[in-house]
Each structure stands twice: as structure tokens, then as C-alpha cells.
Number of protein chains: 2
Amino acid sequence: MNTRRTFLRNSATIAGGMLLGGIGAKSAERPGPGTANDFWNVLAGRRSVRKFKPDPVPEADLIRILDAARTPPTSGNQQPWKFLVVRDRASIEQMKEACVLKYLESVDGDKTTKPETRERSVRNRLAGYFSAPVYIVVLTDNNSEYPAYNHWDGPMAAGFLMLAARALGYGTVFVTDAIPDSVTKAVLKIPDRYTRVCITPLGVPDAWPDSPPKKKLGEFIAYENL
Amino acid sequence: MNTRRTFLRNSATIAGGMLLGGIGAKSAERPGPGTANDFWNVLAGRRSVRKFKPDPVPEADLIRILDAARTPPTSGNQQPWKFLVVRDRASIEQMKEACVLKYLESVDGDKTTKPETRERSVRNRLAGYFSAPVYIVVLTDNNSEYPAYNHWDGPMAAGFLMLAARALGYGTVFVTDAIPDSVTKAVLKIPDRYTRVCITPLGVPDAWPDSPPKKKLGEFIAYENL
């Protein structure tokens, strides 16, 4: 069984999002930033976004999103989160170049395509990921009160962050492989005491993508026994 | 450093919840089931609830909550979740008795309190946890398409589930230690192919607790570098 996803085959992305109760739902409308939102619409409208407009994210919106990100349940109230906000264009370009290099090294033995073709392909694929005005690295602190519980607290913060971003009209995507841990660690000089949950771009989507096809709800539910 | 939480000292619970932007916020109001909710109010109003009214949860509400729970970002669109719904009172009581036994075994060498006192204390502590009409075990399937990514997908589903429950006026709590993995596994006969994220009671709260004190927002945020 292939237990690791492959950059080339799967676009190196974390897909996600759905319309509640529907399958392969059409694009959600984008409410204007700051608009009050019905909870269910926010859930149904969240998508994994991989191409952004260059419009900046106002600081007030960013703060509101990070304020939401630190509200999930947290083990013994430890709140082990750290949100590293990256807007410096030089750092973002440096991450992109490191990703290109890392990918090209990994397919160095490939004789079926020319190196230039491979490089063009990976640059095209990464361009959208690096088109956002802001990046947030979601981290947990290994020196938190109960670090053995961070693996639960961390992803919930990322999920809440993504919902809050959607409520304000911004796209995100839960990135792991497309921008490897080693790249964010090296470029952003993240100390060993932090564990990365994910990195997400944050910005106004170029478009709100349709939801990928989803399993039927019944497949997820069991009553009393499995 | 104490990296594991202790049942006695920490009430064996996962604390959580906060009022957005506030610290030690007062109880949130409970919107009636089925009411449309503003996203930000739902976030601010979620609490970890540990005592419930016996009122049943209508099937339509349960389904709506589980429908929401399967909407987070998911690695390669794998959707590895399983939600085991437990309403059978005999199973719930069996879990409670197994928890009591497990706890009493763990403090068997304690000579400072009488066994009866210890048992009364643990029963009192567990009574609230087991007062809900419904329990949901949040699981991920080790046979999913990309199981190495389940540890991210799983907690996000639990977080979304808890927000949706709050939107419909129900309380939850992210339980790990208070109802050990071994107890749910044995009583509910959960096959090895599933990994438990947590178990949560689901019901109308006896009261909405205040938020525990929270760190300042600024402590979570870093810009450009750590």
C-alpha cells in the first residue's frame, strides 16, 4: 500500500473542503471581509485554495483569524500554539526556491523527461502555492505543559484558523509535503523546540474551487459497535 | 518535567474554550437547537462541558453534527474518519465501571485514603462525564489511503464536530485520559484498524461553564522569525 502521497501524482497538496450534505458541490460565494457569517455557511464554503490574488490581508483580519485559531479545546488548558506569520517577500521566494531544488533533487534519476521540462513543471505547480501575500506556519511548542497532547491540540488550531479565514473571505490550504517541514525550518530558522503542524498561505482566492467528490455521510457513521 | 497529565490532579480532563478576545469570560448563552448561528459566536461560545442534562439529542441534530465533522481539510481527500455513536445505556455504564476500576487499580498502593473514600471520589468525578445521552468516539481508519496523515485529519474532525454541536446548543468535551482508549476499545469492541482521536459526550449542558483563563493573544504570534 502506498502510504505516502507523491508530489507529482497528487499535486503535493492536501485536498479538502465540501459542501455540507453534498458531493462535488459547486463554488461557494465569497462573502466580503468582515461580514457576519452563518456558521453552517462558513463550514460549507471552506475550500483548499492553491492560487491567490495579490491583495494584502489587513492586519485586523489577520489578528481576528489568529485569535480564532487559539480557541480549540486544549489539553489541560495548555494552549501550546505558536503562529509564525510570514509576509516578507524575500523569505517567501526563498522557500519557493528551496522547494524547487528539493523536488528536482528527488527526481534526479528520472531519464524520461528533460531537466528543463521537469523544472518548468515544478515551478508551474508551485507558483500558485507561493502567490499569497501571507503565510502562517502553525506550530506547537515541545516545551508546553503537556507536550504528549500537542498532536491533538495542533491540528485543531489549524482547522479553526482555516474556518475563521473563510468567514472573512480568505482562502487557505493545509500544506505539508508541497512545502516540506525542512524548508520552513531552514528558511525561517524555526528552533527545534517547535513542531510544525502545517504551513498555510492566506489570501483572497483567485477563485473558490469546487469541492472534490466526497464519500457518502453514512460511510462515516457506526452505531454502538464497529 | 511532568509531561503526562494526572487524573487526580487535573480532573482527568481536557480543558478548553474561551471567549474570543477575552480572558476568563463569563458563561455564553445557549442558542436553541436548530437556530442559525453567527460563526464568531459559535467559536466564542464553545466550552468543555462535563455535566449534562438527560435530554435526548434528536437524530436530525446528531446527523447534522456528524455531517459537519467530516468537512475539515483532509490529506489527499482521503476522509479517514469514523464516528462511533453510543447511546446504549448498558454500554455507557460498562464504560463508567471500567473507568472506576482502572483508576482504583492505578492508586492501589495509596495508603493515605481509605479505599471507600477513593472510590467515592472517583465515582463523583466520573458521574458528570457519564451523564450525557450520547457519546461519540472519533476514530481514524489505519487502512485509509494515506494513514501517515491521519494524525492531522483526525483532531480536525473532532474540533469541527465540537463547533457544530455548540452551534446547535450542545456541549462536548475532548476526552482522552478520563475515559482511556483501552476502555472504549474493550467495551465497544473497536477493531485494531481504528485509532481513537478522542471520545466526547454530547448533550445539553447542565450549565455552560465559564472559560478558563487564557494566555494573551500576543504570546501566540511571531512575525517573520521565532
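See the structure above.
Each chain carries its own residue numbering, running from 1 in the direction its sequence is written. Naming scheme: in the order in which they are written, chains are lettered from A and ligands are numbered from 1. Thresholds applied to this predicted model are a pLDDT of at least 70 for local features of residues and 80 or more for the giving and counting of side-chain atom pairs; totals over whole chains, interfaces and linings are not thresholded and use all residues.

Draft legend 1. A look at the relation of the copies chain A and chain B. Laying chain A over chain B is done by rotating through 180° and shifting 0.0 Å along the axis; what remains is an RMSD of 0.0 Å. The transformation relating the two chain copies, once decomposed into turn and shift, fits a two-fold axis. Looking at chain A, 100% of its interface residues are interface residues in chain B too, so the copies touch through the same face. The copies were overlaid by least squares, fitting only the C-alpha atoms of residues that reach a pLDDT of 70 or more in each copy. Two residues qualify as being in contact provided that their C-beta atoms, derived from the backbone, are within 7 Å of each other.

Draft legend 2. Highlighting the interface of chain A and chain B. Opposite the 66 residues of chain A that make contact, chain B presents 66 residues. In this text, helices come from DSSP runs of H or I with a minimum length of four residues, and strands from runs of E with a minimum of two, each type numbered from the N-terminal end. Mapped by element, the contributors of at least two residues to the side of chain A that touches chain B are α2 (39–45), α3 (59–69), β1 (81–86), α6 (150–167) and β4 (221–223) of chain A. Residues are sorted three ways: Asp, Glu, Lys and Arg are charged, Ala, Val, Leu, Ile, Met, Phe, Trp, Tyr, Cys and Pro are nonpolar, and all the rest, Gly among them, are polar. Its residues assigned to classes, the side of chain A that touches chain B shows 38 nonpolar, 17 polar and eleven charged. Two strands are counted as paired when DSSP detects at least two bridges linking them. Of the pairings in the sheet, the one linking β1(A) to strand β4 (residues 221–223) of chain B comprises three bridges and is parallel in character. Bridging from a neighbouring strand, A:Val85 pairs with B:Tyr223 of β4(B).

Draft legend 3. Fine view of the nonpolar core. What we call a nonpolar core is a set of buried Ala, Val, Leu, Ile, Met, Phe, Trp, Tyr and Cys residues whose membership is set by joining through C-beta atoms within 7 Å. Working definition of burial: number of other C-beta atoms within 10 Å of the residue's own, with buried at 20 or more, exposed at 12 or fewer, and partly exposed in between, all C-beta atoms being placed from the backbone. Ranked by size, the top nonpolar core spans 123 residues in total, and within it A:Leu161 and B:Leu161 carry the most contacts. Discounting chain neighbours no more than four positions away, the residues touching A:Leu161 are A:Ile65, A:Ala68, A:Ala69, A:Ile136 and A:Val138.

Draft legend 4. The arrangement of the pairing of strand β3 (residues 194–202) of chain B in detail. Residue and element names in this part refer to chain B. Extensive coverage of β3 is indicated by the burial of eight of its nine residues. As paired elements, strand β2 (residues 134–141) and β3 share eight bridges and run antiparallel to each other. Bridge pairing links Val 137 to Ile 199 in β3.

Draft legend 5. Structural view of the pairing of β1(A). All names here are of chain A. Burial analysis of β1 places six of its six residues in the buried class, which makes it a mostly covered element. Here six bridges tie β1 to strand β2 (residues 134–141), and the two strands are oriented antiparallel to one another. Looking at β2, one finds that Trp 81 is bridged to Thr 140.

Draft legend 6. Looking closely at unusual backbone geometry. One non-glycine residue, A:Asn77, lies in the positive phi region at around 60°. Its place among the elements puts A:Asn77 in the loop between α3 and β1. According to the C-beta neighbour criterion, A:Asn77 is buried, with 21 such atoms within 10 Å. Residues other than glycine seldom take positive phi values, yet B:Lys189 does so here, at roughly 50°. Structurally, B:Lys189 is set in the loop between α7 (181–188) and β3.

Draft legend 7. Looking closely at the packing of helix α4 (residues 89–106) of chain A against helix α5 (residues 115–129) of chain A. Residue and element names in this part refer to chain A. Interaxial angles span 0 to 180 degrees and are taken between N-to-C directions of axes, which are lines fitted to C-alpha atoms, for helices over the stretch in contact. Where α4 contacts α5, the two axes come as close as 10 Å, and the packing angle between them is 135°. In terms of orientation, α4 lies oblique with respect to α5. Where α4 crosses over α5, the two elements pack in a sense that is right-handed. Counted together, Lys 96, Cys 99, Val 100, Tyr 103 and Leu 104 of α4 and Arg 118, Glu 119, Val 122, Arg 123 and Leu 126 of α5 form the full contact between these two elements. Taken together, the residues of the contact of α4 with α5 sort by class into six nonpolar, no polar and four charged. Roughly parallel here means an angle under 35 degrees, roughly antiparallel means over 145, roughly perpendicular means 65 to 115, and every remaining angle is called oblique. Helix crossings are classified by the rotation of the near helix relative to the far one: an anticlockwise turn of less than a right angle makes the crossing left-handed, while a clockwise turn makes it right-handed.

These values are about where atoms sit, not about what they do.
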